[in-house]
Amino acid sequence: MASEVQADYLNELNPPQREGVVNTEGPTMLIAGAGSGKTRVLTYRIAHLIQHHHVEPFSIMALTFTNKAAKEMRERIEKIVGNEARNLYMGTFHSVFARILRSEASRLGFPSNFTIYDTDDSKTLIRQIVKQMKLDDKLYKANVVLNRISAAKNRLVSWQDYLNNPIYAQDDADNMRPEMGKLYQTYVMRCFSADAMDFDDLLFNTNVLFQEHPDVLNKYQQRFKYLLIDEFQDTNISQYLIAKRLAAVRQNIAVVGDDAQSIYAFRGADIQNILNFERDYPDLKVIKLEQNYRSTKTIVNAANSVINKNTAQLQKNVWTDNDEGDLIELIKATSDNEEGKLIASAIFETKMQTQSSNAEFAILYRTNSQSRAMEEALRRNNLKYRVVGGLSFYQRKEIKDLIAYLRFIVNPNDEQAMRRSINLPKRGIGPGTIEKLVVVASEENQPLWNVMENAKSYLGGRGGNQVDEYVTLIKSFRLTAEKKDAYDTAALVAKNSGLLKELYADKTIEGMSRYENVQELLNAIKEFTDDKEREDKSLSAFLQEVTLLTDEDRSDSNEEAVTLMTIHMAKGLEFNHVYIVGMEEDLFPSQMMLSSRADLEEERRLFYVAITRAKKKLTLSYALNRYRFGRLKNCEPSRFLEEIDPRFIKVNKKFGSRAALSSAESYVTKNFVNNLKKDQSNRKFASAPQHKPSPDFQPSDTSGLQEGMRVEHAKFGFGKVTVIDAEGANKKAKVEFDTAGEKTLLLSFAKLRIIED
Ligand SMILES: Nc1ncnc2c1ncn2[C@@H]1O[C@H](COP(=O)(O)OP(=O)(O)OP(=O)(O)O)[C@@H](O)[C@H]1O
Ligand SMILES: [Mg+2]
């Protein structure tokens, strides 16, 4: 029987994939294009280790990009090897090493129930420190400071290293933020005294743990016999070092990734890791996969035509045996709201024509704020949808309020949780009183909880009494938490704290939905404690799980709904029908990210990731006007549209009101020369060598364009039209440019000036 099962899964692989699965020993690297089965190889490799080599699942560690990806992988493995798969050590870097840090916390001076501060907690803490240090909060913006600290931690620069390195001091002085090092130090100390680690600490401290405690490292090196990493291109140096240390003895490390999909450089991910890997493991076995199983020929070739514009790319030749498929559709809208409507009707129509379910559709965008227009239109069309990311459930105020109580019960020194819960519902405890408690704790170098227990001796009269009441309440909750499970405790807290009652009393629509949300959280906790396979049902176990859920994990993918998400969240996923919306300059590529050529290449990789999510059909859209930062702005189509080989695109003529389009377009055209001037100074880093357009460059009406005419293109320079193809909106021209070579241009958005002679 067993051999039958085994033969089965090996038959679902092509020869190089199979090689990646059956050669389980030694360092292996699989760098291959999107949709070529990298994740499948990793999954089957694990199954093969268990099924064929009888490796104990708990000695295999697999690191994925989201916890949801880990869950899917586990389910797939379970189908092959049975429920043994449950004992695999799988998850994101953050969740896997948070677990290890909890076991070893005492080595680093932390209790095992340390809190994990989320980004909000970190920013709040920074704001408080900036205030206490009497610094200018316009210069020391919380997110700027946090990014700086985060970048340091991800490069394994401790606050001591930071303060001792004159390069950082100089850099901060140049940026008018000379106190940055001191801020970093204070921030770390405040987290430490609150028994808290932030997200970056989970990696930073794991490195410290492994470096300073060789016995601990040795223990885990012995335990984890096999280490596997998906989406390797997006690991940062801190993650890479953890992996390298863990695998140092046995060297059974297998990584899969795609340099063309590296999209987290802004968070410190480093393609360099791929090169380091080759250097660090001279015996490395490298496997190449080139066949794409996911997408149509059209999609694969269009994606190749885009990514080829990048210079910093490992050479790959991705091809597919799949059908040609539909052309990529381009939708032009006058406004962001119209874009929403057009996309929603396109989805509706496709759904009817192809008898597809909502779950087969995804709308991808560059920034979360673009979801609003899409959501409204989907709702109007009665299409069920779910938004991944954005303001997710666990970021809502009422949810964070109750969680703050729960956190403070588990960790009595969690300063941010105390600050949030102490006056909820209102008990008349003012900010002055709260500040006093924190200041006393830090000045007298006492744990916060000690100070609070003795509040009366530090705070006279009313303040002291009120803090005392809160302390008594928390103590009673703690007693419950010791005896009961997470659900019983949370239900009691919701009731006895007065939170539920306050929400219940609010009969506005918002109030009612907040009440329901809290009930929903309690349901989630109930589900957690009802899980028969779970050993630890304590409040602290629940909290740990909740803090480390990534946005992607929080949504239920089984639901029959259209998925809306940013491209960053879409990594590794696939859908039959994908809509990439907001294909406009400044939005995608993002204006905020564009300060160098390397940044443009990262935006282009992001576009490549987006295109390659589609299995059957890809649709792109842009709007001519869009509300951004509260103002209506006119937009230009994204340069990325011109980068797709036009053979693969057709313009959708059916949608959109023609009249409205042309008036908006002439508005855009009038502004074109101005934009272009701005353009030339802004876009120093465009991909192709830049042609400097003539001073009177004005795009012509190209409806009368004929073969043999000479034209000027804003970017490619002068050339001669050699072939005209198709009609109307799909009209294309092949132009032989004097310096840029032959290009095929889709006339509905190419910027061409016809030269009269
Ligand atoms: N040998 C194969 N035969 C049939 N289908 C395959 C094969 N290999 C992979 N697939 C299918 O192709 C699709 C893409 O595979 P997978 O997600 O593993 O690719 P990937 O390289 O990890 O993609 P990405 O770069 O987007 O992460 C999946 O639906 C997978 O089931
Ligand atoms: Mg994958």
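Looking at an unreviewed UniProt entry, the protein chain carries the name DNA 3'-5' helicase, with the source organism given as Marinoscillum luteum. Its UniProt record gives the protein chain a comment under Sequence similarities (unreviewed entry), which states: "Belongs to the helicase family. UvrD subfamily."

### Details of the UniProt feature "binding site: ATP" (unreviewed entry) in the protein chain
Here the UniProt-annotated "binding site: ATP" (unreviewed entry) positions come out as Ala32, Gly33, Ala34, Gly35, Ser36, Gly37, Lys38 and Thr39. Taking the relative accessible area as the measure of exposure, glycine 33 reaches 1% and is therefore buried. Every residue in contact with glycine 33, bar those within four places of it in the chain, is listed here: Lys38, Asp258, Gln261, Leu289, Lys316, Val318 and Tyr608. Following the sequence through the fold, threonine 39 ends up in helix 3 (residues 38-51). Dropping the residues within four chain positions of it, threonine 39 is found in contact with Met73 and Asp230.

### A look at the pairing of strand 22 (residues 741-746)
Here is the key point about a regular strand: its side chains alternate between the two faces of the sheet. Across 6 bridges, strand 21 (residues 732-737) lies against strand 22 in antiparallel orientation. Within the sheet, the bridge partner assigned to phenylalanine 737 lies in strand 22 and is glycine 741. Counted along the chain from strand 21 to the antiparallel partner strand 22, the turn is 3 residues long.

### Overview of helix 7 (residues 142-154)
Over its 13 residues, helix 7 extends 18 Å from the first C-alpha to the last, a length consistent with the 18 Å expected when each residue adds 1.5 Å. Among all positions of helix 7, only Ala142, Val145, Leu146, Ile149, Ser150, Ala152, Lys153 and Asn154 are buried. As for helix 7, its buried residues are in contact with helix 6 (119-132), helix 8 (159-164), helix 10 (180-193), strand 5 (196-198), helix 11 (199-212) and helix 13 (237-246).

### Thoughts on the site of ligand 1
In the vicinity of ligand 1 there are 19 residues, among which Lys38, Thr39, Gln261, Glu574 and Arg613 approach most closely. One of the side-chain N or O atoms of arginine 40 is found 2.9 Å from an oxygen atom in ligand 1. Within the contact set of ligand 1, an oxygen atom lies 2.8 Å away from a side-chain nitrogen or oxygen of glutamine 261. Against a free-state accessible area of 640 Å², the protein chains account for coverage of 82% of ligand 1. Here the shell around ligand 1 takes 3 residues from helix 3, the largest share from any one element. For the shell around ligand 1, the per-class residue count stands at 3 nonpolar, 9 polar and 7 charged.

### Quick look at the sheet that holds strand 22
Pairing in this open sheet of 5 strands is antiparallel, and the strands run 22-21-20-19-23 from one edge to the other. Of all strands in the sheet, those bounded by a partner on one side alone are strand 22 and strand 23 (752-754). Each adjacent strand pair in this sheet contributes to an overall mean axis angle of 40 degrees, direction not counted.

### Details of helix 28 (residues 597-611)
Given a rise of 1.5 Å per residue, 15 residues ought to cover 21 Å, and the 21 Å separating the end C-alpha atoms of helix 28 matches this to within 8%. Of all 15 residues in helix 28, 12 are buried, a share of seventy percent or more. Listed as buried for helix 28 are Leu600, Glu601, Glu602, Glu603, Arg604, Arg605, Leu606, Phe607, Tyr608, Val609, Ala610 and Ile611. Of the surrounding elements, those touching the buried residues of helix 28 are helix 15 (297-307), strand 12 (361-365), strand 15 (575-580), strand 16 (614-628) and helix 29 (639-643).

### Quick notes on the packing of aromatic side chains
If you walk through the whole model with that rule in mind, you get 25 aromatic pairs. Centre to centre, the rings of tyrosine 9 and tyrosine 44 are 6.0 Å apart; their planes meet at 80 degrees, and the pair counts as edge-to-face. Remark: tyrosine 44 occurs in helix 3 and tyrosine 9 occurs in helix 1 (residues 2-11); sequence separation between them is 35 residues. Neither residue differs from the other here; tyrosine 9 and tyrosine 44 are each classed as buried. Taking the centre distance of 5.3 Å and the plane angle of 65 degrees together, the rings of phenylalanine 232 and phenylalanine 277 count as edge-to-face. One end of the pair, phenylalanine 232, is in the loop between strand 6 (226-229) and helix 13; the other, phenylalanine 277, is in helix 14 (residues 272-280), and 45 residues separate them in sequence. Residue phenylalanine 232 shares its accessibility class with phenylalanine 277, and that shared class is buried. Within the aromatic cluster, the residues linked to one another by ring pairs are Tyr405, Phe408, Trp449, Tyr470 and Phe477. The ring of tryptophan 449 has arginine 478 sitting right over it, with the charged end atom 4.1 Å from the ring centre.

The rules behind each value
- Residues numbered from 1 in each chain as written.
- Chains lettered and ligands numbered in written order.
- Predicted model: local features only at pLDDT ≥ 70, side-chain atom pairs only at ≥ 80, totals over all residues.
- Heavy atoms only, no water.
- UniProt positions renumbered as here; feature names shortened; annotations may be inferred.
- Buried < 20%, exposed > 50% of the residue type's maximum accessible area, 1.4 Å probe, protein only.
- Contact = heavy atoms within 4.5 Å.
- Helix = DSSP H or I, 4+ residues; strand = E, 2+ residues; numbered from the N terminus.
- Pairing = 2+ DSSP bridges.
- Expected span 1.5 Å × (residues − 1).
- Near = heavy atom within 4 Å.
- Polar contact = N/O pair within 3.5 Å; in protein donor to acceptor, adjacent residues only side chain to side chain.
- Areas by Shrake-Rupley, 256 points an atom, 1.4 Å probe, with all protein chains shown as cover.
- Nonpolar A, V, L, I, M, F, W, Y, C, P; charged D, E, K, R; others polar.
- Axes fitted to C-alpha atoms, helices over the stretch in contact; angles between N-to-C directions.
- Phe/Tyr/Trp six-rings, centres within 6.5 Å; stacked < 30°, edge-to-face > 60°.
- Lys NZ or Arg CZ within 6 Å of the ring centre and 35° of its normal.

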